[in-house]
Amino acid sequence: MERVYNFSAGPSTLPEAVLKQASEEMLNFGGSGMSVMEMSHRSAVYQGIFDDAEASLRKLMNIPDNYKVLFLQGGASTQFAMLPLNLLDGSKKVDIVNTGAWSKKAIAEAKKFGEVNVLASSEDATFNYIPKLDSSQFNKDADYFFITSNNTIYGTVYNELPDTGDVPLVADMSSNILSEEIDVSKYGVIFAGAQKNMGPAGVTVVIIRDDLVGKADASVPTMLNYETHVKANSMFNTPPTYSIYICGLVFKYLLDNGGVKAMEAKNRAKAALLYDYLDSSDFYKGTVVKEDRSLMNVPFVSPSADLDAAFIAGGAAKKGLVNLKGHRSVGGMRASIYNAMPTEGVIALVDYMKEFEAANK
Ligand code: PMP
């Protein structure tokens, strides 16, 4: 069977070259006589794979030396609890902006351990914009300030970061890490589940500034303490070895193809294809306000729920354009166009949108 254009929000499409390489190395990695899946995580050959993955990520994101990179389990969702458990060592206050379902989960977990100040919310308009922030409302003594940098479900992105002064800025970058150039030094902690722009599910990358490690109370469970994983170089227990290996291949692939700068240019061009068409059409409607549109997740609707359903079914059946259904809480369509979605996939989607519009107008 031909491969399809997979617009899934995550787990999502991966670079074909990476999948091919993994398949070639499946039975015998680098002359080791075994699959990466079968290796001891304590072996020299696996340590090499792990170290290469970290080094490549550091290079791609230009991560300063005073930041640790961790490869953890429990998904991005576990970070919603690890952050308050590790960072609430002072006023026990957290400033958070509510930009959707994932922010709400971060809020709910932080509330279990501290005082949460929701500075602003876009819930009044189904989270279709990033709220403007008034810095005079920021708590200068907050232990951290939390944002969801890209909102996977609603398709919004922060184009301007809040100036949090000395308060560490923490960002859930699950759905836009490595999609555009960022300055890591502006953040205290960055975290992201791998299953969108980095690799398979099962591993979560945490990039944490040195001074934020080692603050957890002694009552914090060992596995939920960042210090545990920093001290053990993410090998306190068995890490998700195969997922980390695939992430390493993806990082290497990105480095070989111009790095994040080149990805950003490609992502901007891909998103423009889709947004320009949405703007020119009076049949479809992009649901997000223009200035906050994500480069990664593009939600849109047709004139009716019945047409939405017909669009989704027709794309999958006839054109190999799959996973275009919007999140169940929003409806309509959502095209996730992560780094690994080829430009041809977006062109095929726009062609199909035109065809469907002409047939159903
Ligand atoms: N944050 C964001 C922005 C997400 O899109 C997701 C889910 N894909 C999560 C957190 C939760 O990630 P996980 O399923 O890895 O816990």
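In this text, all values refer to a predicted model and were calculated from it rather than measured experimentally. (Residues numbered from 1 in each chain as written. Predicted model: local features only at pLDDT ≥ 70, side-chain atom pairs only at ≥ 80, totals over all residues. Heavy atoms only, no water.)

Topic: the site of the ligand
Part 1 of the argument: The full set of residues close to the ligand is Gly75, Ala76, Ser77, Phe80, Trp102, Thr148, Asn150, Thr152, Asp172, Ser174, Gln195 and Lys196.
Part 2 of the argument: Here Lys196 contributes a side-chain N or O atom positioned 2.6 Å from a nitrogen atom of the ligand.
Part 3 of the argument: About the coverage of the ligand: the protein hides 85% of its 390 Å² of free accessible area.
Part 4 of the argument: At 4 residues, helix α3 (residues 75-87) tops the list of elements feeding residues into the shell around the ligand.
Part 5 of the argument: Here the shell around the ligand is composed, by residue class, of 3 nonpolar, 7 polar and 2 charged. (Near = heavy atom within 4 Å. Polar contact = N/O pair within 3.5 Å; in protein donor to acceptor, adjacent residues only side chain to side chain. Areas by Shrake-Rupley, 256 points an atom, 1.4 Å probe, with all protein chains shown as cover. Helix = DSSP H or I, 4+ residues; strand = E, 2+ residues; numbered from the N terminus. Nonpolar A, V, L, I, M, F, W, Y, C, P; charged D, E, K, R; others polar.)

Digging into helix α7 (residues 259-280)
In an α-helix, one turn spans 3.6 residues; hence positions three or four apart end up facing the same way.
Part 1 of the argument: Between its terminal C-alpha atoms α7 stretches 32 Å, which fits the 32 Å expected from 22 residues at 1.5 Å a residue.
Part 2 of the argument: Within α7 the residues assigned to the buried category are Gly259, Val260, Met263, Glu264, Asn267, Lys270, Ala271, Leu274, Tyr275, Tyr277 and Leu278.
Part 3 of the argument: Considering only its buried residues, α7 is in contact with α2 (44-61), α6 (241-256), β11 (285-286), β12 (297-301), β14 (333-336) and α9 (343-360). (Expected span 1.5 Å × (residues − 1). Buried < 20%, exposed > 50% of the residue type's maximum accessible area, 1.4 Å probe, protein only. Contact = heavy atoms within 4.5 Å.)

Topic: the nonpolar core
Part 1 of the argument: By size, the foremost hydrophobic cluster in this structure holds 53 residues, and its most contacted members are Phe71, Leu178, Met198, Ile207, Tyr245, Ile246 and Phe251.
Part 2 of the argument: Residues in contact with Ile207, not counting those within four places in the same chain, are Met61, Ile63, Tyr67, Lys68, Val69, Val184, Gly188, Val189 and Ile190.
Part 3 of the argument: Core analysis: the second largest hydrophobic core is formed by 29 residues, Tyr277, Phe283, Leu307 and Phe311 among them. (Core = buried A, V, L, I, M, F, W, Y, C linked by side-chain atoms within 4.5 Å.)

Some thoughts on the sheet that holds β14
In any sheet, the strands associate via hydrogen bonds between backbone groups, in a parallel or an antiparallel arrangement.
Part 1 of the argument: Across the sheet, 3 strands lie side by side as β11-β12-β14; this open sheet has antiparallel pairing. Either end of the sheet is taken by a strand with one partner, and the two such strands are β11 and β14.
Part 2 of the argument: Those strands touched by α7 are β11, β12 and β14, and its axis lies near 20 degrees from that of β12. (Pairing = 2+ DSSP bridges. Axes fitted to C-alpha atoms, helices over the stretch in contact; angles between N-to-C directions.)

Notes on α6
Part 1 of the argument: Spanning 16 residues, α6 covers 23 Å between terminal C-alpha atoms, matching the ideal 22 Å at 1.5 Å per step.
Part 2 of the argument: Of all 16 residues making up α6, 12 are buried, and the element is well covered by its neighbours.
Part 3 of the argument: Among the residues of α6, those classed as buried are Thr241, Tyr242, Ser243, Ile244, Tyr245, Ile246, Cys247, Gly248, Leu249, Val250, Phe251 and Leu254.
Part 4 of the argument: In this structure, the buried side of α6 is in contact with α1 (16-24), α2, β2 (67-72) and α7.
Part 5 of the argument: In the segment just after α6, Gly258 is the residue with positive phi, at about 95 degrees.

Observations regarding the packing of α2 against α6
Part 1 of the argument: At a minimum axis separation of 8 Å, α2 and α6 run at an interaxial angle of 45 degrees. Classified by the interaxial angle, the pair formed by α2 and α6 is oblique. Handedness of the α2/α6 crossing: left-handed. Along the contact surface, α2 presents Tyr46, Ile49, Phe50, Ala53, Ser56, Leu57, Lys59 and Leu60, while α6 presents Thr241, Ile244, Tyr245, Gly248, Phe251, Lys252, Leu254 and Leu255.
Part 2 of the argument: Partitioned by chemical class, the residues of the contact of α2 with α6 number 11 nonpolar, 3 polar and 2 charged. (Parallel < 35°, antiparallel > 145°, perpendicular 65-115°, else oblique. Left-handed = near helix turned anticlockwise from the far one by under 90°.)

Brief notes about the pairing of strand β8 (residues 169-172)
Part 1 of the argument: Alternating positions in β8 separate into two faces, Leu169 and Ala171 on one and Val170 and Asp172 on the other, with burial throughout.
Part 2 of the argument: Strand direction decides the pairing type here: strand β5 (residues 144-148) and β8, joined by 4 bridges, are parallel. Looking at β8, one finds that Phe145 is bridged to Leu169.
Part 3 of the argument: Direction of pairing for β8 relative to strand β9 (residues 189-193): parallel, over a ladder of 3 bridges. The residue bridging Val170 from the neighbouring strand is Val189, located in β9.

Observations regarding the sheet that holds strand β10 (residues 204-209)
Part 1 of the argument: Taken in spatial order, the 7 strands of this open sheet run β2-β10-β9-β8-β5-β3-β4, and their pairing is mixed. Both edges of this open sheet fall to β2 and β4 (115-121), since each of them pairs with a single strand only. Ignoring strand direction, the axes of neighbouring strands in this sheet form an average angle of 15 degrees.
Part 2 of the argument: Where β2 lies against β10, 6 bridges are found, and the strand directions are antiparallel. Paired with Leu70 across the two strands is Val206, which belongs to β10.
Part 3 of the argument: Sheet contacts for helix α4 (residues 101-111): β3 (93-98), β4, β5 and β8; angle to β3, the most-contacted strand, approximately 160 degrees.

With respect to the confidence of the model for the chain
Part 1 of the argument: Per-residue confidence for the chain averages 97 on the pLDDT scale, and 100% of its residues sit at or above 70.
Part 2 of the argument: Mean pLDDT across the elements of the chain bottoms out in helix α8 (residues 305-319) (92) and peaks in β9 (99). (pLDDT = per-residue confidence, 0-100.)

Digging into the pattern of salt bridges
Part 1 of the argument: The final tally for this structure, using the stated rule, is 19 salt bridges.
Part 2 of the argument: Note that Glu16 is salt-bridged to Arg3, the shortest N-O span being 3.2 Å. On the criterion of sequence distance, the pair formed by Glu16 in helix α1 and Arg3 in the segment before β1 (5-6) is long-range, its members being 13 residues apart.
Part 3 of the argument: Taking relative accessible area as the criterion, Glu16 reaches 41% and is therefore assigned partly exposed.
Part 4 of the argument: Relative accessible area serves as the criterion here: at 49%, Arg3 is assigned to the partly exposed category.
Part 5 of the argument: A salt bridge links Lys93 to Asp141, with the shortest nitrogen-to-oxygen separation between them at 3.1 Å. Separated by 48 residues along the polypeptide, Lys93 in strand β3 and Asp141 in the loop between β4 and β5 bring together distant segments of the chain.
Part 6 of the argument: Judged by its relative accessible area of 38%, Asp141 falls in the partly exposed class.
Part 7 of the argument: Beyond isolated ion pairs, a larger network of salt bridges with shared partners links Arg3, Glu16 and Lys20. (Salt bridge = Lys/Arg side-chain N within 4 Å of Asp/Glu carboxyl O.)

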